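Close look at the chain arrangement
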Amino acid sequence: MRKLYLLLFFISATAEAQVLVSGSAVGKNIFPLASASVAAIYYDSRDAELVRRTAWLFAQDVYNVTGKKIDVLSENARPQKNMVVVGTIGHNRLIDQLVHQKKIDVGKIKNGWEQYAITLVEKPFKGVDKALVIAGCDRRGAAYGLLSVSEAIGVHPWYWWADVPVKKHSSVNLEVKAFSSKTPSVKYRGIFINDEDWGLFPWSAKNFEPELKDIGPKTYAKICELLLRLKANYLSPAMHSITGAFNKYPDNKLVADSFGIVMGSIHAEPLLFNNASEWDKKTMGEWNYVKNKEGINKVLTQRVQENGMFENVYTLALRGIHDAVMEGDLNMQERVEVLGKALEDQRDILKNVLKKPVEEVPQIFYPYKEVLDVYNAGLKVPDDVTIVWTDDDYGYIKRLSNSQEQKRKGRAGVYYHISYWGPPNDNLWLCTTPPQLMYQELRKAYETTADRLWVVNVGDIKPAEYHISLFMEMAYDIHQFNDKNIVEHHADFLSGIYGQQYRNDFLDISKVYHQLAFARKPEYIKNTRSDAFSLYNYNELDNRVNEYTRIANKAKAIMNKLDETQYPSYFQLLYYPVKGSALFNQIWLGAQKVNDYASKKNVTANQLRKNVIAYGDTLQKITDEYNSLLNGKWKYMMSLSNGGGRFSIPELATVAPASSPQLGISAEGEVNTKGRIHQHILPAFNKYVRQTYYIDIFNKGNASLNWAATTSHPWLVLDKHNGNAATQERIYVSIDWNKVPAGENIKSEIIFSANDMHEKVLVSVFNPANPSVNELKDLYVEDNGVVSIDATRYHRKKETADIKFKVLDGLGFDDKVVQLGDPFAKYQFYPSLELTSNYVAPVRSSDFPVLEYDFYSFNSGPVDVYTYMVPVFPLNDEHGSRYGVMVDNSPVYLPEASAPYYSTLWIQSILRNTRINKTTHMIDKPGKHTVKIYAAHPGVLLQKVVVDFGGMKKSYMGPECRQSK
């Protein structure tokens, strides 16, 4: 145990550090919370139950940190020498007295929303030395202020849900400066618990709340406490039919209110009614508004009567049961009319039951999935109702408020997914949404008046802990984030728990973890199908597996250095997600390799097959360990059967070895060539990029294969000339550029021999006398018929007063993209250009914002230009997502970055977080050329550009970007 002189950081508009570290237990601004003596905490019995509950939480926090008990007393108790006073202005006699005596200033928070003021007062009352006063403008403001002190003394918001260890200290002394918090960026901030069938429900029903066999008040108390500590205030509860509805258990709403949590419901649940489990077709009839309006309105009226005395946000909705479309065979106009009438009736229910103007009742409307089509077809949503815009279930917001909608009294909100169950692919197991994507999408929402309500679909809560924290921090104060610090936020989150000495390692792990999942989430890897990461082209498969293996090993190395109190939380927050992702990729991509090797009679397949099975066993083992942590605290929470599908090892082929060693050769870039003319040929070596390629020597039989390799020219360099391969060996081939003769088609070969077996690999070297390497320095160069361009490394840019280009880290296959103008920038149309067109005449003016990439080609003729875009949707229905592609002075083509929701193109795009567009242009002659990318609709995100002269090979992410060396 050690003494704690701590530093609390509260963010305000005027200052940052408000409660500072003290090197001493005495001093004018020092408050001895738990030192030689222990302070007592006072609340007012007239105040909200939340304030009393928070006082007890704080007392427990102090005990957990110091081992010292702090008394929790009401306002009439005898004052002690040092007091912590917490309460709501107007509902706490002691605070009101201090305000009246001008000993504390609450002017900045009075009549505010969820704000608090922290003040240290000397001699506040007779017989009292000091009082640490936390005054809230309302009940949640008071609670947030007090729990902020808890967090600063070492109690993390995830101390229970992720077992982050409480920091132990023998004494706690605070240095306090007067501070007033500001209004949260978003008014209502919360979570939607969803798809709980495979995690939260079995954990609660079988482990945490077995007496109820359901998710009930005990579980919701822990959820609500978490939300309160995260400065969240809103909950849309679990609603699958496997779970008892929130309102099935009367104590649930009492628990939520005691924690100050505002209750709501999701897009398919009108007025807090869960039709998935509360609607009984046998006794209530059809959930069909045309046929059974009275029956539906009856249960909705009853729900408002039961819950109306609590703080709620009411969803206005009429979809089908659970997540289905509106029932009834209605055309679009009929849907508009029926939904409009349903909304009117629901507002009448609110007005009549709550006995207040309906405009004063918080209401929201979700234009989710097909409901957006109904809204766009003319549905009128009352002006005071908040429109909660939704993403496409995969992190891309489909649309936001246009110029007219931004004038709405009810403003807007956001429903965002970091977990999803549904087509085209579930992602329920882990949480891998890039923080930069979350920030970019949510910041756009905030800037278009979506500041009334943010709710995030979190699945089972675990293992989305970090992303929930990030979401809530942005909702509480979006202004503390920018596109630079967001990419370090995950590492800061982790190093704040486990130590700054690991921060650089956490930066590396976090970067690669999200980058690899950007290309393909772990949950999607088994359904990669024809989009398979290439085993032989551009080193895609090996690079991916190697990077996953590297960060998993790094995460384990850190875990081995932690003490036993840190191990459980680290296992949950970092090790399991990283190791699990690595294993899932090793299993499925390993199976791809096994089956490919087996098709070539490569006996290595048999050992790799064992490895894949072992990876599966390890995945099950670490999942079992997750569920057994802390004597089974999380038993049943982590599952490999999310979404109803069961985890299984993919089909794995085997090889029957020949009776004696037999030589096999596979050169880099060589695919299975059965039925085609076949020679072993390496990709051409190019003096401007100077690559190294590999050749695999493999055995098809039993016993070791003794092999030797010879080259036909001394400038052809092998890292190994002989070996003994029981299964397979890999050698690397390079060129001695000081010795190779000049020429455009220098040929050589490598002869592999083993006993009386011989295989030849052909080598081609592109080493023209001109131009020199120096002449092409920093240009993108055609290599094996392809030019691959890093979009963030442009040669020139032309910006305007409105359109600026910005590089964003943390997105894209290569973890960086270029944003073609701010999404809110004004844009100009090209002459005679309709941005709904795919093609326009050549751009003659130099006034348009453009990025230019110079490249050098050795061929001419038609080329295909592929642009790799992040599939963001247009900002709203007044914007588009087009950009211009031009080569030299060719016509400009205007592809789109987005795709229609649920189209085949959208499915392809969101599963790889990339839309790949192709345009065709003409290269008139070899030499230097320029690709130009124009900003048409600002805000689209460009990853890379590939110019294909016919050499582009099948792959998932395209060729690696290369400039001349």
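Throughout, residues of each chain are indexed from 1 in the direction in which the sequence is written. Totals for whole chains, interfaces and linings use every residue, but because this is a predicted model, local features are given only for residues with pLDDT of at least 70 and side-chain atom pairs only at 80 or more, for both listing and counting. Calculated side-chain values reflect all of the structure's heavy atoms, with hydrogen atoms and water omitted.

An unreviewed UniProt entry annotates the protein chain as Glycosyl hydrolase 115 family protein of Haoranjiania flava.

A run of H or I in DSSP becomes a helix once it reaches four residues, and a run of E becomes a strand once it reaches two; helices and strands are each numbered from the N terminus. On a plain count of helices and strands, the protein chain comes out with 18 helices and 42 strands. Principal axes of the C-alpha set define a box for the protein chain whose edges measure 100 × 65 × 60 Å. Only protein chains enter the calculation, and the probe is 1.4 Å; a residue is then buried if its accessible area is under 20% of its type maximum, exposed if over 50%, and partly exposed in between. Expressed as a percentage of its 965 residues, the buried residues of the protein chain come to 62%. The contacts in the protein chain between residues at least 6 apart in sequence include a share of 76% that link residues at least 24 apart. Contacts are assigned to residue pairs that have any heavy atoms within 4.5 Å of one another.

Attention now goes to the pairing of strand 26 (residues 722-725). Of the two faces of strand 26, only one is covered, namely that formed by G723 and A725; the face formed by N722 and N724 stays uncovered. We call two strands paired when DSSP finds no fewer than two bridges between them. Across four bridges, strand 24 (residues 705-711) lies against strand 26 in antiparallel orientation. The partner of W707 across the bridge, within strand 26, is G723.

Quick look at the nonpolar core now. Core analysis: the largest hydrophobic core is formed by 231 residues, its most contacted members being W161, I191 and W454. The element contributing the most residues to this core is helix 16 (residues 567-599), with 17 residues. Apart from the residues within four sequence positions on either side, W161 is in contact with L200, W203, T219, K222, I223, L226, I461, K462, E465, Q572, W634 and M637. Buried residues of nine kinds, namely Ala, Val, Leu, Ile, Met, Phe, Trp, Tyr and Cys, make up a nonpolar core once their side-chain atoms join them within 4.5 Å. Within the second largest apolar cluster, 28 residues are counted, among which are V818, V885, L942 and V945.

Another point: the side chain of Q963. In this structure, Q963 sits in the segment after strand 42 (941-948). Side-chain polar atoms of Q963 contact the backbone oxygen of D778, separated by 2.8 Å. Once residues lying within four places of it in the same chain are set aside, the contact partners of Q963 are Y688, V689, D778, L779, Y780, R793 and H795. Here a polar contact is taken to be a pair of N or O atoms separated by no more than 3.5 Å, where protein atoms must pair a possible hydrogen donor with a possible acceptor and residues adjacent in sequence count only if both atoms sit in side chains.

Counting through the fold element by element, K806 comes out in strand 33 (residues 805-809). The class of K806 is partly exposed, set by a relative accessible area of 32%. Along the sequence, K806 and G821 sit 15 residues apart, while their C-alpha atoms lie 7.1 Å from each other. Contact partners of K806, with chain neighbours within four places excluded, come to D483, V817, V818 and Q819. Within the local environment of K806, its side chain forms a polar contact with the side chain of D483, the two groups lying 2.9 Å apart.

By this rule, a helix spans an expected 1.5 Å times one less than how many residues it contains. The end-to-end C-alpha separation of helix 1 (residues 49-66) is 26 Å, in line with the 26 Å expected for 18 residues at 1.5 Å each. Residues L50, V51, T54, A55, L57, F58, A59, D61, V62, N64, V65 and T66 constitute the buried set of helix 1. At the exit of helix 1 stands G67, carrying a positive phi of roughly 80°.

With that out of the way, let us pick up the pairing of strand 23 (residues 693-699). Of all the seven residues making up strand 23, seven are buried; the element is thus mostly covered by neighbouring parts of the structure. Residues Y693, I695, I697 and N699 of strand 23 are buried on one face, and the alternating residues Y694, D696 and F698, pointing to the opposite face, are buried as well. As paired strands, strand 20 (residues 663-667) and strand 23 are joined by five bridges and run antiparallel to one another. Bridging from a neighbouring strand, G664 pairs with F698 of strand 23. As judged from the six bridges shared by strand 23 and strand 27 (residues 728-735), these two strands associate in the antiparallel manner. Of the residues in strand 27, the one forming a bridge with Y694 is Y732.

Turning our eyes to something else, we now look at the sheet that holds strand 7 (residues 82-88). Strand order in the open sheet formed by six strands is 6-5-7-9-8-11, with mixed pairing between adjacent strands. In this open sheet, the two edge strands, each paired with only one partner strand, are strand 6 (72-74) and strand 11 (179-180). Strand direction decides the pairing type here: strand 5 (residues 40-43) and strand 6, joined by three bridges, are parallel. Considered in strand 6, the bridge of Y43 is made with S74. Lines are fitted to the C-alpha atoms to define the axes, a helix being fitted only along its stretch in contact, and any angle between axes, read from their N-to-C directions, falls within 0 to 180 degrees. Contacts between helix 3 (residues 139-152) and the sheet are confined to strand 5, strand 7, strand 8 (116-122) and strand 9 (130-136), with strand 7 contributing the most and set at about 145° to the helix.

Along the chain, the position of G216 falls in the loop between helix 4 (200-208) and helix 5 (217-229). It is 11 Å that separates the C-alpha atoms of G216 and P237, two residues lying 21 residues apart in sequence. Beyond its immediate stretch of four places on either side in the chain, G216 contacts S204, E209 and N252.

Note on aromatic contacts: the rings of Phe and Tyr and the six-membered ring of Trp form a pair at centre separations within 6.5 Å, being stacked when their planes are under 30 degrees apart, edge-to-face when over 60 apart, and tilted otherwise. A complete count under the given rule lists 50 aromatic pairs for this structure. A centroid spacing of 5.7 Å and a plane angle of 80° characterise the contact between W113 and Y188, whose relative ring orientation is edge-to-face. With W113 in the loop between helix 2 (93-100) and strand 8 and Y188 in strand 12 (residues 188-193), this residue pair connects regions lying 75 residues apart in the sequence. Relative to Y956, the ring of F813 has its centre 6.3 Å away and its plane inclined at 40°; by these criteria the two rings are tilted. Linking F813 in the loop between strand 33 and strand 34 (816-820) with Y956 in the segment after strand 42, this pair joins segments that are 143 residues apart in sequence.

Turning next to the pattern of salt bridges. Salt bridge, as used here, is a side-chain nitrogen of Lys or Arg placed within 4 Å of a carboxyl oxygen of Asp or Glu. Per the counting criterion, the structure on display carries 50 salt bridges. One salt bridge connects D257 with R139, and the closest N-O pair in it is separated by 3.4 Å. Here R139 lies in helix 3 and D257 lies in helix 6 (residues 250-258), a separation of 118 residues in the sequence. D257 sits in the partly exposed class, given a relative accessible area of 23%. Classification of R139 by relative accessible area gives buried; the value is 17%. With a shortest N-O distance of 2.4 Å, D323 and R319 are connected by a salt bridge. Residue classification places D323 among the partly exposed positions, given a relative accessible area of 31%. You can call R319 buried: its relative accessible area is 2%. Through salt bridges with shared partners, one network takes in E114, R139, R140, R189, D257 and E311.

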